Structure formats: structure tokens, C-alpha cells
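# Examination of the molecular architecture
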Amino acid sequence: MVSGNSSNQDRLQQLKAFDESKAGVKGIADAGITKVPPIFVRTTADYASEDQVSGQTTQTQFSIPVVDIAETAGRRAEVIDGVRRGAERVGFFQVVNHGIPKRVLEGLMEAARGFHELQREVKVEYYSRELMRKVKFGNLLLYK
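Presented here is an overview of the structure given in this document.

Procedures and definitions
- Residues numbered from 1 in each chain as written.
- Predicted model: local features only at pLDDT ≥ 70, side-chain atom pairs only at ≥ 80, totals over all residues.
- Heavy atoms only, no water.
- Helix = DSSP H or I, 4+ residues; strand = E, 2+ residues; numbered from the N terminus.
- Buried < 20%, exposed > 50% of the residue type's maximum accessible area, 1.4 Å probe, protein only.
- Contact = heavy atoms within 4.5 Å.
- Areas by Shrake-Rupley, 256 points an atom, 1.4 Å probe, with all protein chains shown as cover.
- Phe/Tyr/Trp six-rings, centres within 6.5 Å; stacked < 30°, edge-to-face > 60°.
- Salt bridge = Lys/Arg side-chain N within 4 Å of Asp/Glu carboxyl O.
- Expected span 1.5 Å × (residues − 1).
- Arc of directions from axis to C-beta.

## So, the overall build of the chain
The helix and strand tally for the chain stands at six helices and two strands. Listed N to C, the secondary structure of the chain is α-α-α-β-α-β-α-α in terms of helices and strands. Considering the chain as a whole, with its 144 residues, one finds that 13% of them fall into the buried category. In the chain, the share of contacts with a sequence separation of at least 24, taken over all contacts with a separation of at least 6, comes to 50%. For the chain, the accessible surface area stands at approximately 11,400 Å², while carbon and sulfur atoms represent 55% of it.

Right, dumping it as C-alpha cells:
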């Protein structure tokens, strides 16, 4: 979080405005920005201030956790633990040796790009914070 009450309030207002636009990051890019908006920039001090209670230093460099699901027989607990750790610590993880054909993955990426290239008016129908919606677009944890 940004230090100072006024800065926190400004950031919260900017995040709400971004969320209410329902355009996502693609909408910002399409608007022709030339630098990353301040609401997406976090300094080392921001990270450090998050964990002042415990006194622990927050790590600002990380690697993407990799979960290998090849030959999972006898490794079920290890694989589950890898998924849990990645989700909790970083928020995502890479799964390797899953057996999904490359053409299927390429089709998935093509569909995702196609969705993000749609007109804002079409995408806004899917913009939601509802956890139970099967199809949604947006960021559930954008601000608290």
C-alpha cells in the first residue's frame, strides 16, 4: 500500500475508477498510455510496510513455481502441495508435463487474445466479481 492517508485514498479512488470502467488493462493500453499507471506500481517500501507487524522482510523478487505432474503415482501429496504453495505465495504457478497437446494450448491462447480484442461493450457483459459465475472477466482482488 502507498504511505499516507491521502495517498491511500487517491489510490483507492483510482482503483475503483479503473474497476468501474470495466475495460481492464487492455482498455488502458488501447487508450494509448505511454507508462505504467501509478495504481499498478508498488515500491519496495510498499511491500515492506505490509509486513510491519511480524517484522519479516517481504521478498520482492520471486520465481514462478513449477508443478510437474508427470508420473504422479505416489506423488499426489507433493503435487497438491506444489499447487497450494504456488497459489498462496505467488498467486499462480506453471504446470508442466500435463500432456495437453501444443495445438490445444495454442488454441486456448488464440481464444484468450480474441476475447481481449473484442469491443469493450461485448466484454463488459462478462466483467464481474461474483465468485459463482462460471465465466467472468475482471480482478476479484483489485482492492479491499
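## Section: the packing of aromatic side chains
In total, this model carries two aromatic pairs according to the counting rule given. Here F18 and F40 contribute two aromatic rings whose centre-to-centre distance is 5.3 Å and whose plane-to-plane angle is 85°, an arrangement assigned as edge-to-face. Placement of the pair is F18 in helix α1 (residues 5-21) and F40 in the loop between α2 (24-30) and α3 (44-50), with a sequence separation of 22 residues. F18 gets classed as buried once you look at its relative accessible area, which sits at 12%. Each ring, one from F115 and one from Y126, has its centre 6.0 Å from the other, and the planes form 75°; the classification is edge-to-face. A residue pair is termed long-range when its members are at least 10 positions apart, and F115 in helix α5 (residues 102-117) and Y126 in the segment after α6 (120-123) qualify at eleven residues. With a relative accessible area of 28%, Y126 lands in the partly exposed category.

## Brief notes about the pattern of salt bridges
Throughout the structure, instances matching the rule amount to seven salt bridges. Of the charged contacts in the structure, one is a salt bridge between R75 and E78, with a shortest N-O distance of 3.4 Å. A salt bridge links D81 to R84; the nearest nitrogen and oxygen atoms lie 2.0 Å apart. Residue D81 and its partner R84 are both found in helix α4 (residues 76-89); the two are separated by three residues, about one turn of the helix.

## Describing α4
The terminal C-alpha atoms of α4 lie 20 Å apart, and with 14 residues this matches the ideal 20 Å at 1.5 Å per residue to within 8%. Among the residues of α4, V79, G82 and G86 are the ones counted as buried. Down the axis of α4, the buried set is contained in an arc of 55°. They therefore lie on one face. Set apart from the buried face of α4 by more than 90 degrees, the exposed residues are R76, A77, E88 and R89.

## Considering unusual backbone geometry
If you check the backbone angles, K22 has positive phi at about 55° while not being a glycine. By the element assignment, K22 lies in the loop between α1 and α2. Taking the relative accessible area as the measure of exposure, K22 reaches 32% and is therefore partly exposed. Although it is not a glycine, N97 adopts a positive phi angle of roughly 60°. With respect to the helices, strands and loops of the structure, N97 is situated in the loop between β2 (94-96) and α5.

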